[in-house]
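What the coordinates show
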Amino acid sequence: MAYKDVYESWQKDPEAFWMDAAEAIDWDQAPSKALTDKGDNLYEWFADAKVNTCYNAVDRHVEAGRGDQTAIIYDSPITHTKREISYFELRNRVAMLAGALRAKGIEKGDRVIIYMPMVPEALEAMLACARLGAVHSVVFGGFAANELAVRIDDAKPKAIIAASCGLEPGRVVHYKPLLDGAIDLADHKPDFTVVLQREQEVAQLIEGRDYNWHGFQYGVEPAECVPVEGNHPAYILYTSGTTGQPKGVIRHTAGQLVALNWTMKNIYNVQQGDVFWAASDVGWVVGHSYICYGPLIHGNTTIVFEGKPVGTPDAGTFWRVIQEHNVTSFFTAPTAFRAVKREDPKGEYVKKYDLSCLKQVFLAGERADPDTITWAQNQLNVPIVDHWWQTETGYAIAANPLGIEELPTKLGSPAVPMPGYDVQILDEGGHPMPPGELGAIAIKLPLPPGTLPNLWNAEDRFKKSYLTAFPGFYETGDAGMKDEDGYLYIMARTDDVINVAGHRLSTGGMEEVLAGHPDVAECAVIGVTDQLKGQMPVGFLCLNAGADRDNADVVKEVVKLVREKIGPVAAFKLAVVVDRLPKTRSGKILRGTMVNIADNTPYKMPATIDDPAILDEIKVALQTIGYAKD
Ligand code: COA
Ligand code: AMP
C-alpha cells in the first residue's frame, strides 16, 4: 500500500485501523473496542484492555526465543565504556529492580521520579516502574534543583531513583546535592530514594532515606509484570508551557504500546532485530519514545549514548557509533547536525567510517533548516527525514513514512500527516486557510492513541491550553501552512515557548526568574535566531528607579539566577539593561517585534505601539550584545 492508501484507510475507519494495529501487542485482556468518548472533548483508547508495558518491551521477546538478542547497547565516549545487555539479562535486571521497589512499598499507580543521566539503568528504572504499574516521571539532568522540586510537588512521588552524578564534557554534574536540595525545597517528601553510585562520584547517602541501587536489591524476589488497564498512566512527562509551572503530560499505557509499535516499521522502516539509535536524552519525549519504549516494544536493539555530537572526542562520534553498532535508523536533532557540520563542513570524518549499514536518518525537535538537510543528504547519501512532533503527541504528527513509501522530500517541510492526525491550518476564527497561507496548526479531535489524554491533575489547564481556542480541535501551539500537495510547513510557535538546541523552554518561566531579582522592575525574554542552537534566549531588564547598580553586575546576577533556578539547559547567557520596554497602548510587551529587530527581519510598525522611539533603544541595546546588526 502507498501512503495515500494507508492514510485513507485510517480516514475511512479510524477505530478499525487502530484495532488492527493493536494486534501486534500482547494483551492480558484484549480491548473490546478502540475509542471511548468521555464527553467534553476527552477521549481514551483501548480503555478496557489489560496489558503490561514491560512485558511487551522485554519479557515477550525472551519468551519468543530472542533472549540472546542485544536489547541495549551503552556507548559512553565520556567514560570510555561500552556494554551490551541482552533481552534475557534486561528481563532479569528489571524484574529484580522492580522486586526491590515493591519490597519498599511501590505499587501500581504510585509515582516514581527518575533523575538520571544517559546510562542503561535509566531505562531499567523506567521499565521496572512499568513492570509494577507505577507511574514514572523522568526529569532531565540539565534542570536545577528548583525545577526538580516543582515536579516533586506536582507528581508527589513515593520514591525517587537517581544517579550519583551525570557527566558533561569537562564537568561532573553532582546529582545528589541537586536531589537533596530539591527534596528540601519541595513540600512533598518521597518515602525513599535509590541512588546509582557511579565510578566517577560516590554520593553521600542519608541513612534510612537513601538506598544504594545495588545494595537494596539483595535478597529480594523478582517481580512479575502487573497487568494494568489500557487507560492507566504509563508516565508523566513535564514540558514547558507559557508559565514557569510545567505541564505534566500523561501517556496512557495501551495507546503508547500500539502507536509506538506501529511507527517503528511504518515510519522508521526497521525490522525486528535491527539497531535503532535515537541520540537524545531519556529526559525528553524522544528519549521516552525512541530510546526506551518504541525500539524495545518492537524488538529492536536501542543505543544509550552518553556523549555529544562534537567534542566527545570529535565530530566523527556519530559515524563511529553507527559503524561500530551497525545502526540501521538514526534519529537526532538538527542542532546536533549543525554542530557536526560546523566542525566538519566537508565531511572528512564521515569518510573515515563505513556507513553502509545506515538506511535512513530522522530529524526532529525543531525545524530542520534546508542547509542542514542538504549537507546531511550530501554526506550520508540516505533519505534524511524531517518529522514534526511534540511531547504532547509522543510520536510524529507529520513525517515521511519510509516503511510505507518514500515520498519526495521538500526542503523545509516535515512532509505529510501520519494516520491518526487530521491536521488543519486555521485562521483566528477557526476557519480553514487555503493552501500556502499561514495559520494556526490544529488537529481534529480525537487525537490518535498514544497522545496525551489529559494533564496530570490539571484538567482545566488541559482544556484551556489545548481545546478551547478551536472547538473540536487540539491546538498545537505551532503556526504554519500546508501546500497544494498536503505537505506541512511548521514555521513558528504561537506562544512563549522557544526551542534552544532542540530543547523546549518557556520564556515566561525565565521572565518569572528575572522578575525575582530585587533590582529588576520589569523584564522580557525573547528567543533570537542562533546559527547553532536554532534559538537563544535574550533577557531585557528594566531596573527599579533608584537602583544604584552597575548594569553588568545585574546581568551577571540574573544569568546566575536562571542557571540556579531553571538549570544550565536554559542556556541563558545574554541580557541587557534598558530604560523601558516597547508596549502596545494596552500594555502588552511587543516581544515579536523585538525578535524581528534582533534577527534583522523586516517588520511592520505595530499600529498600537505606545512609543515607536523605544524600538530604536531596543536595537541599540541588542547591538551591544552582537544582535540587530545592520
Ligand atoms: N545534564 C546537565 N547539564 C546538561 C545536560 C545534562 N543532561 N545537557 C546539557 N547540559 C548543560 C550543558 O553542559 C551546557 O552547560 P554550560 O552552560 O555549562 O556549557 C548547557 O546545559 C546548555 O547545553 P546545550 O544547549 O545542549 O549546549 P551544549 O553547548 O552543551 O551542546 C549541542 C550543543 C548542539 C552539541 C547540543 O545541544 C546537542 O547535542 N543538542 C542535541 C539536542 C537533542 O538531542 N535534543 C533532544 C530533542 S530530539
Ligand atoms: P517538544 O515538545 O520538546 O518535542 O517540542 C515540540 C515543539 O518543537 C513543536 O511544537 C515545534 O514547535 C518544535 N518542533 C519539533 N519538531 C519539529 C519539526 N520537525 N519542525 C518544526 N518544528 C518542530
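One can find the structure itself at the top, above this paragraph.
The structure displayed is predicted, hence computed values, not measured ones. (Residues numbered from 1 in each chain as written. Chains lettered and ligands numbered in written order. Predicted model: local features only at pLDDT ≥ 70, side-chain atom pairs only at ≥ 80, totals over all residues. Heavy atoms only, no water.)

Brief notes about the overall build of the chain
Across its full length, the chain carries 18 helices and 31 strands. Its C-alpha atoms give the chain a radius of gyration of 24 Å, near enough to 25 Å, the size a compact globule of 630 residues would have. Expressed as lengths along the three principal axes of its C-alpha atoms, the size of the chain is roughly 70 × 60 × 55 Å. For the chain, the residues scored as buried account for 61% of the 630 residues in total. For the chain, the proportion of contacts with a sequence separation of at least 24, taken over those separated by at least 6, is 70%. Accessible surface, the chain as shown: approximately 24,100 Å² in total, 49% of it carbon and sulfur. Distance between charge centroids for the chain: 2 Å, based on 60 positive and 83 negative side chains. (Helix = DSSP H or I, 4+ residues; strand = E, 2+ residues; numbered from the N terminus. Rg over C-alpha atoms; globule rule 2.2 N^0.38 Å. Buried < 20%, exposed > 50% of the residue type's maximum accessible area, 1.4 Å probe, protein only. Contact = heavy atoms within 4.5 Å. Areas by Shrake-Rupley, 256 points an atom, 1.4 Å probe, with all protein chains shown as cover. Lys, Arg positive; Asp, Glu negative; His and termini not counted. Charge placed at Lys NZ, Arg CZ, Asp CG, Glu CD.)

Some thoughts on the site of ligand 1
Around ligand 1, 24 residues are found, and the nearest of them are Glu 168, Arg 171, Lys 533, Arg 563 and Lys 573. Gly 142 places a polar main-chain atom, nitrogen or oxygen, 3.3 Å from a nitrogen atom of ligand 1. Within the backbone of Ala 279, an N or O atom sits 3.5 Å from an oxygen atom of ligand 1. For the shell around ligand 1, a count of residues per class yields 11 nonpolar, 6 polar and 7 charged. (Near = heavy atom within 4 Å. Polar contact = N/O pair within 3.5 Å; in protein donor to acceptor, adjacent residues only side chain to side chain. Nonpolar A, V, L, I, M, F, W, Y, C, P; charged D, E, K, R; others polar.)

Brief notes about the site of ligand 2
The full set close to ligand 2 counts 14 residues, and Asp 386, Thr 391, Asp 478, Arg 493 and Arg 504 are the nearest of them. Thr 391 places a polar side-chain atom, nitrogen or oxygen, 2.5 Å from an oxygen atom of ligand 2. Between an oxygen atom of ligand 2 and a side-chain N or O atom of Arg 504, the distance comes to 2.7 Å. When isolated, ligand 2 has an accessible area of 490 Å², and the protein chains bury 92% of it. Of the residues assigned to the shell around ligand 2, the class counts are 3 nonpolar, 5 polar and 6 charged.

With respect to the pairing of strand β23 (residues 423-426)
Residues Val 423 and Ile 425 of β23 are buried on one face, and the alternating residues Gln 424 and Leu 426, pointing to the opposite face, are buried as well. Pairing between β23 and strand β24 (residues 439-444): 4 bridges, direction antiparallel. Bridge pairing in β24 places Val 423 opposite Ile 443. (Pairing = 2+ DSSP bridges.)

Details of the side chain of Asp 478
Mapped onto the elements of the fold, Asp 478 is located in strand β25 (residues 473-482). Side chain to side chain, Asp 478 and Trp 388 meet in a polar contact 3.0 Å long. Within the structure, Asp 478 has its side chain in polar contact with the side chain of Gln 390 (distance 3.4 Å). If near-sequence neighbours (up to four positions away) are discounted, Asp 478 is found in contact with Trp 388, Gln 390, Gly 439, Ala 440, Ile 441, Ile 490, Ala 492, Arg 493 and Thr 494.

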